Amino acid sequence: MSDRASARAPHPLLLALGALWTSPNTLIGLLLGVAGLLRGARVHLSAREHALVFARWPWGPGGAITFGNTILHTGPDLDVACHTYAHRAGHCIDLAIRLGDHERAHVLQYMALGPLFLPLYLLCGGISVRNRFERAADRYALTGAGWWPFARGRAAR
(Lines give C-alpha, C1' and ligand atoms only; values in the text may rest on other atoms or scores of the structure.)
Protein backbone atom coordinates (compact mmCIF):
# COMPACT_ATOMS: atom_id res chain seq x y z
CA MET A 1 0.00 0.00 0.00
CA SER A 2 1.15 3.51 -0.55
CA ASP A 3 2.43 5.65 2.28
CA ARG A 4 -0.53 7.99 1.68
CA ALA A 5 -2.86 5.84 3.80
CA SER A 6 -0.42 5.73 6.71
CA ALA A 7 -0.04 9.51 6.58
CA ARG A 8 -3.80 10.04 6.68
CA ALA A 9 -4.50 8.14 9.88
CA PRO A 10 -7.83 9.02 11.51
CA HIS A 11 -7.80 11.60 14.28
CA PRO A 12 -7.02 10.04 17.70
CA LEU A 13 -10.42 11.10 19.09
CA LEU A 14 -12.20 9.39 16.19
CA LEU A 15 -10.10 6.27 16.77
CA ALA A 16 -11.06 6.25 20.45
CA LEU A 17 -14.77 6.76 19.71
CA GLY A 18 -14.65 4.09 17.01
CA ALA A 19 -12.94 1.65 19.36
CA LEU A 20 -15.64 2.24 21.97
CA TRP A 21 -18.44 1.89 19.38
CA THR A 22 -17.09 -1.43 18.11
CA SER A 23 -16.09 -2.81 21.53
CA PRO A 24 -18.73 -5.60 21.44
CA ASN A 25 -17.07 -6.90 18.25
CA THR A 26 -13.62 -6.47 19.76
CA LEU A 27 -14.73 -8.59 22.73
CA ILE A 28 -15.48 -11.46 20.32
CA GLY A 29 -11.98 -11.14 18.87
CA LEU A 30 -10.41 -10.96 22.32
CA LEU A 31 -12.16 -14.12 23.46
CA LEU A 32 -11.07 -15.99 20.33
CA GLY A 33 -7.57 -14.52 20.59
CA VAL A 34 -7.14 -15.57 24.23
CA ALA A 35 -8.25 -19.09 23.29
CA GLY A 36 -5.55 -19.01 20.62
CA LEU A 37 -2.95 -17.90 23.17
CA LEU A 38 -3.57 -21.17 25.00
CA ARG A 39 -2.56 -22.98 21.79
CA GLY A 40 0.56 -20.94 21.01
CA ALA A 41 -0.68 -17.72 19.41
CA ARG A 42 1.25 -14.51 20.09
CA VAL A 43 -0.32 -11.10 20.64
CA HIS A 44 0.95 -7.58 20.02
CA LEU A 45 -0.55 -4.13 19.64
CA SER A 46 -0.25 -2.76 16.11
CA ALA A 47 -0.60 1.01 15.92
CA ARG A 48 -0.47 0.73 12.12
CA GLU A 49 -3.53 -1.57 12.00
CA HIS A 50 -5.26 0.12 14.99
CA ALA A 51 -5.68 -3.35 16.48
CA LEU A 52 -4.46 -6.09 18.75
CA VAL A 53 -3.00 -8.71 16.43
CA PHE A 54 -3.05 -12.36 17.43
CA ALA A 55 -0.39 -13.94 15.22
CA ARG A 56 0.03 -17.68 14.67
CA TRP A 57 -3.63 -18.16 15.60
CA PRO A 58 -4.00 -21.95 15.49
CA TRP A 59 -7.35 -22.41 13.74
CA GLY A 60 -8.76 -21.68 10.31
CA PRO A 61 -7.78 -22.26 6.71
CA GLY A 62 -5.07 -19.60 6.73
CA GLY A 63 -5.10 -15.85 6.39
CA ALA A 64 -6.73 -13.46 8.80
CA ILE A 65 -10.08 -12.41 10.21
CA THR A 66 -10.94 -9.18 11.98
CA PHE A 67 -13.34 -8.58 14.86
CA GLY A 68 -13.51 -4.93 15.87
CA ASN A 69 -10.03 -3.86 16.93
CA THR A 70 -8.62 -7.41 16.93
CA ILE A 71 -7.09 -9.32 14.05
CA LEU A 72 -6.64 -13.09 14.23
CA HIS A 73 -3.93 -14.21 11.82
CA THR A 74 -2.65 -17.73 11.22
CA GLY A 75 0.77 -16.54 10.05
CA PRO A 76 3.64 -14.90 11.91
CA ASP A 77 2.83 -11.31 10.83
CA LEU A 78 0.60 -9.27 8.55
CA ASP A 79 3.42 -8.14 6.25
CA VAL A 80 2.62 -10.81 3.68
CA ALA A 81 1.47 -10.41 0.10
CA CYS A 82 -1.84 -11.91 -0.91
CA HIS A 83 -4.26 -11.63 -3.82
CA THR A 84 -7.48 -9.66 -3.83
CA TYR A 85 -10.80 -11.49 -3.73
CA ALA A 86 -11.53 -10.46 -7.34
CA HIS A 87 -8.13 -11.73 -8.48
CA ARG A 88 -8.61 -15.11 -6.78
CA ALA A 89 -12.07 -15.42 -8.32
CA GLY A 90 -10.64 -14.78 -11.80
CA HIS A 91 -12.53 -11.49 -12.29
CA CYS A 92 -9.39 -9.45 -12.93
CA ILE A 93 -5.64 -9.37 -12.51
CA ASP A 94 -4.65 -7.22 -9.53
CA LEU A 95 -1.28 -6.59 -8.00
CA ALA A 96 -0.63 -8.43 -4.75
CA ILE A 97 -1.75 -6.53 -1.65
CA ARG A 98 -0.41 -6.46 1.90
CA LEU A 99 -2.69 -8.53 4.14
CA GLY A 100 -2.36 -6.03 6.99
CA ASP A 101 -3.65 -3.21 4.76
CA HIS A 102 -6.71 -5.28 3.84
CA GLU A 103 -7.39 -6.09 7.50
CA ARG A 104 -6.87 -2.44 8.53
CA ALA A 105 -9.71 -1.51 6.19
CA HIS A 106 -11.95 -3.95 8.07
CA VAL A 107 -10.86 -2.38 11.38
CA LEU A 108 -11.90 1.03 10.02
CA GLN A 109 -15.20 -0.41 8.77
CA TYR A 110 -15.87 -1.91 12.21
CA MET A 111 -15.06 1.38 13.94
CA ALA A 112 -17.50 3.25 11.68
CA LEU A 113 -20.34 0.71 11.88
CA GLY A 114 -19.83 -0.74 15.36
CA PRO A 115 -22.42 -3.38 16.26
CA LEU A 116 -24.00 -3.02 12.80
CA PHE A 117 -20.90 -4.35 11.04
CA LEU A 118 -21.41 -8.10 11.43
CA PRO A 119 -25.10 -8.16 10.39
CA LEU A 120 -24.38 -5.92 7.39
CA TYR A 121 -21.30 -7.93 6.44
CA LEU A 122 -23.31 -11.16 6.49
CA LEU A 123 -26.21 -9.58 4.57
CA CYS A 124 -23.72 -8.51 1.89
CA GLY A 125 -22.59 -12.09 1.31
CA GLY A 126 -20.10 -13.02 4.02
CA ILE A 127 -16.61 -14.04 2.97
CA SER A 128 -16.89 -13.77 -0.82
CA VAL A 129 -15.87 -11.69 -3.81
CA ARG A 130 -19.49 -10.43 -4.01
CA ASN A 131 -19.23 -8.77 -0.60
CA ARG A 132 -18.83 -5.00 -0.87
CA PHE A 133 -16.90 -4.97 2.43
CA GLU A 134 -14.25 -7.28 0.96
CA ARG A 135 -14.09 -5.32 -2.30
CA ALA A 136 -13.65 -2.08 -0.34
CA ALA A 137 -10.91 -3.63 1.82
CA ASP A 138 -9.11 -4.81 -1.32
CA ARG A 139 -9.46 -1.36 -2.90
CA TYR A 140 -8.01 0.23 0.24
CA ALA A 141 -5.10 -2.23 0.24
CA LEU A 142 -4.43 -1.49 -3.44
CA THR A 143 -4.78 2.30 -3.37
CA GLY A 144 -4.72 3.54 0.23
CA ALA A 145 -8.25 4.94 -0.11
CA GLY A 146 -11.82 3.73 -0.34
CA TRP A 147 -12.31 1.52 2.74
CA TRP A 148 -15.97 2.61 3.12
CA PRO A 149 -18.11 -0.23 1.67
CA PHE A 150 -21.02 1.98 0.61
CA ALA A 151 -19.10 4.48 -1.52
CA ARG A 152 -20.52 5.40 -4.89
CA GLY A 153 -18.68 4.96 -8.15
CA ARG A 154 -15.63 2.71 -7.82
CA ALA A 155 -17.23 0.60 -5.05
CA ALA A 156 -18.71 -1.90 -7.49
CA ARG A 157 -15.34 -3.12 -8.78
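First things first, this report covers the structure right here in the doc. Sequence order as written defines the numbering, with residues in each chain counted from 1. At least 70 in pLDDT is required for a residue's local features to be given in this predicted model, at least 80 for side-chain atom pairs to be given and counted, and no such filter applies to totals for whole chains, interfaces and linings, which use all residues. Side-chain calculation: all heavy atoms of the structure are included, whereas hydrogens and water are not.

Let's shift gears to the overall build of the protein. Helix and strand content of the protein: seven helices and six strands. Helices and strands appear in the protein in the N-to-C order α-α-α-β-β-β-β-β-α-β-α-α-α. Computation of the radius of gyration draws on C-alpha atoms alone. For the globule rule, the value is 2.2 Å times the number of residues to the power 0.38. In terms of overall size, the protein behaves like a compact globule, its C-alpha atoms giving a radius of gyration of 15 Å where 157 residues would be expected to give roughly 15 Å. In terms of its C-alpha atoms, the protein occupies a principal-axis envelope of roughly 40 × 35 × 30 Å. The cut-offs for exposure are 20% and 50% of the maximum accessible area for each residue type, with area from a 1.4 Å probe on protein chains only; residues under the lower value are buried, those over the upper are exposed, and the others partly exposed. Across the 157 residues in the protein, those meeting the buried criterion constitute 42%. By the convention used here, residues are in contact when the closest approach between their heavy atoms is within 4.5 Å. Here the contacts in the protein between residues at least 6 apart in sequence split such that 51% fall between residues at least 24 apart. All accessible areas in this document rest on Shrake-Rupley with a 1.4 Å probe, and a residue is counted as covered only by the protein chains that are shown. Of the roughly 8,200 Å² of accessible surface on the protein, 66% is carried by carbon and sulfur atoms. Neither His nor the chain termini are counted; the positive set is Lys and Arg, and the negative set is Asp and Glu. A single reference atom marks each charge: NZ on Lys, CZ on Arg, CG on Asp, CD on Glu. In the protein, 16 positive and 9 negative side-chain charges are present, and the distance between their average locations comes to 6 Å. The helix count covers DSSP runs of H or I at least four residues long, the strand count covers runs of E at least two residues long, and both are numbered beginning at the N terminus.

Definitions used throughout: a 1 Å grid over protein atoms alone; a cavity as a set of points that fits a 1.4 Å probe which cannot get out; a pocket as an open set with protein on both sides within 12 Å along at least five of seven lines; a lining residue as one with an atom within 4 Å of a point. Grid points are joined across faces, edges and corners, and a volume is the space filled by probe spheres set on the points. Taken as a whole, the largest pocket spans an internal volume of roughly 560 Å³. Residue lining of the largest pocket: 29 residues in total, with Ala-64, Ile-65, Tyr-85, Glu-103 and Ile-127 positioned closest to the centre. Mapped onto the lining of the largest pocket, the elements with two or more residues apiece are strand E3 (64-67), helix H4 (85-88), helix H5 (99-113), helix H6 (117-123) and helix H7 (132-143). Broken down by element, the residue count for the lining of the largest pocket peaks at five residues, all from H5. Note on residue classes: Ala, Val, Leu, Ile, Met, Phe, Trp, Tyr, Cys and Pro are nonpolar, Asp, Glu, Lys and Arg are charged, and everything else, Gly too, is polar. Looking at the lining of the largest pocket residue by residue, the classes come out as 17 nonpolar, eight polar and four charged.

Here an axis means a line fitted to C-alpha atoms, over the contact stretch when the element is a helix, while the angle between two N-to-C directions is reported on a 0 to 180 degree scale. Packing of helix H2 (residues 12-21) against H5 brings their axes to within 7 Å, and their N-to-C directions diverge by 75°. Here H2 is positioned roughly perpendicular relative to H5, judged by the angle of their axes. Seen from H2, the contacting residues are Leu-15, Gly-18, Ala-19 and Trp-21; seen from H5, they are Tyr-110, Met-111, Ala-112 and Leu-113. An angle counts as roughly parallel when it lies under 35 degrees, as roughly antiparallel when it exceeds 145, as roughly perpendicular when it falls between 65 and 115, and as oblique in every other case.

With respect to the element layout, Leu-14 can be found in helix H2. For the pair Leu-14 and Met-111, spaced 97 residues apart in the sequence, the C-alpha separation amounts to 8.8 Å.

DSSP calls a pair of strands paired once it identifies at least 2 bridges connecting them. With mixed pairing, four strands are arranged side by side in an open sheet as E1-E2-E4-E3. Whereas interior strands pair on both sides, the edge strands pair on one side only; in this sheet they are strand E1 (42-46) and E3. Recorded for the sheet is a direction-independent mean angle of 20° between the axes of neighbouring strands. With four bridges connecting them, E3 and strand E4 (residues 70-73) associate as antiparallel partners. Each bridged residue has a counterpart across the sheet, and for Thr-66 the counterpart in E4 is Ile-71. In the packing of H5 onto the sheet, contacts are made with strand E2 (51-55), E3 and E4, and the angle to E3 comes to roughly 20°.

On their own, these measurements won't tell you what the molecule is for.
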